[in-house]
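Structural overview
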Amino acid sequence: MPTTMKDVTAKIDAVEIDPKSGLALKSTMEKEKAIEGEPKTTETTQEKPNGATSEEKEPNGATFKEEEVPVEVEPKTGVSFAVRLEDGKQLKAVGLRKKSMLGMGIKVYGFGIYADNEKLKDLMQSKIGKAPSKPTKEMYHMVIDSDLGMMVRLVIVFSNLTMSMVRKNFDEGLGAAIKKLTGGKNEELTKKIMGEASDEIKLTSGSVIEISRLPGYVLQTKVKGEIVSKVESELLCRAFIYMYLGEDPFDKEAKEKFGASMLSLC
């Protein structure tokens, strides 16, 4: 764990994310290190889970390039998020999670909030008559309390993060959200979201965590592409979305952008 401000800030590096897979490409610093004696090149090799490159072959042997996915960049971290996922969910907001450490605000991860656009539109139009001039508390809680399919993609930007630190962060955040929603504590429930994630999982700058609210109030967590928990709990689902859209969100600007998206669907 860093002990000085200089040590902490030295751990943070710009990261380029593959918008389709959510996996990290080479860091900016690594790209700038040219091999001695060889000319620099602007081309990069993208690593994929199955080892495939950006070019693939048709059955007849012809090659084609995958369609580029439009992205939105979270401005405080430089992390890119695809505007649409393969399952159709659309990006509604991007933001930054910060934590106070050694007297300074440390950028922990950039995040993108995705939602099923058609179901979000149906929810707004079924509950809201005339669109208000700005998003209301009731509108946000309609989304928090619903079974609407959503996913939050977290991209780590602080490279000294460990799974135990992530687990503690979520336990605290979910615990506070549950207390706001119910007036009480539920420590057993808060520990389930990251409870099965092994401390052996190595998190580096660019590592991706995806937490999805699935039909039937199921909260699924993936760390670096692997499912580490799948919990059926309406309260846990509500508490998780509350951390981003509730009264004290991780990033107020991200919440407001999500709210503007809701208004556009009324």
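Here we summarise the structure given alongside this text. Bear in mind the structure is a predicted one, so any value in this text is a computation, not a measurement.

Let us look at the pairing of strand S9 (residues 218–223). The side chains of a regular strand alternate, first on one face of the sheet and then on the other. Among the six residues that make up S9, five are buried, leaving the element largely enclosed by the rest of the structure. Relative to S9, strand S8 (residues 208–214) is paired through six bridges, and the arrangement is antiparallel. Looking across to S9, one finds that Ile209 is bridged to Val223. Where S8 folds back onto S9 in an antiparallel hairpin, the turn is made up of three residues, including Gly216, whose phi is positive at roughly 85°. Between S9 and strand S10 (residues 226–232), which follow one another and run antiparallel, lie two residues, and Lys224 among them has a positive phi close to 55°.

What follows concerns the side chain of Glu74. For Glu74, the location among the structural elements is in strand S3 (residues 71–74). One buried charged residue, Glu74, forms no salt bridge at all, with the nearest opposite charge on Lys76 at 4.1 Å. Polar contacts involving the side chain of Glu74 include one to the main-chain amide nitrogen of Lys76, which spans 3.1 Å. Of the polar contacts made by the side chain of Glu74, one reaches the backbone nitrogen of Thr77; its length is 2.8 Å. Discounting chain neighbours no more than four positions away, the residues touching Glu74 are Val79, Phe81, Val94, Gly95 and Leu96.

Each value, and the rule that gives it
Per chain, the residues get numbers from 1 upward, laid out in the order the sequence is written. Local features in this predicted model are restricted to residues of pLDDT 70 or higher, and side-chain atom pairs are both shown and tallied only at a pLDDT of 80 or more, whereas totals for entire chains, interfaces and linings draw on every residue. As a rule here, side-chain values cover all heavy atoms of the structure and leave hydrogens and water aside. Residue burial is assigned from relative accessible area. The probe radius is 1.4 Å, only protein chains are included, and a residue is buried under 20% of its type maximum, exposed over 50%, and partly exposed in between. Under the DSSP-based scheme used, a helix requires at least four consecutive residues in state H or I and a strand at least two consecutive residues in state E, with every element numbered from the N terminus. Two strands form a pair only when DSSP identifies at least two bridges running between them. Only four residue types enter the charge count, namely Lys and Arg as positive and Asp and Glu as negative; His and the chain termini do not. The salt bridge definition used is simple: a Lys or Arg side-chain nitrogen within 4 Å of an Asp or Glu carboxyl oxygen. For this analysis, a polar contact is any N or O atom pair within 3.5 Å, provided that within protein one partner can donate a hydrogen and the other can accept it, and provided that sequence-adjacent residues contribute only side-chain to side-chain pairs. Only heavy atoms matter for contacts: two residues are in contact if any of them lie within 4.5 Å across the pair.

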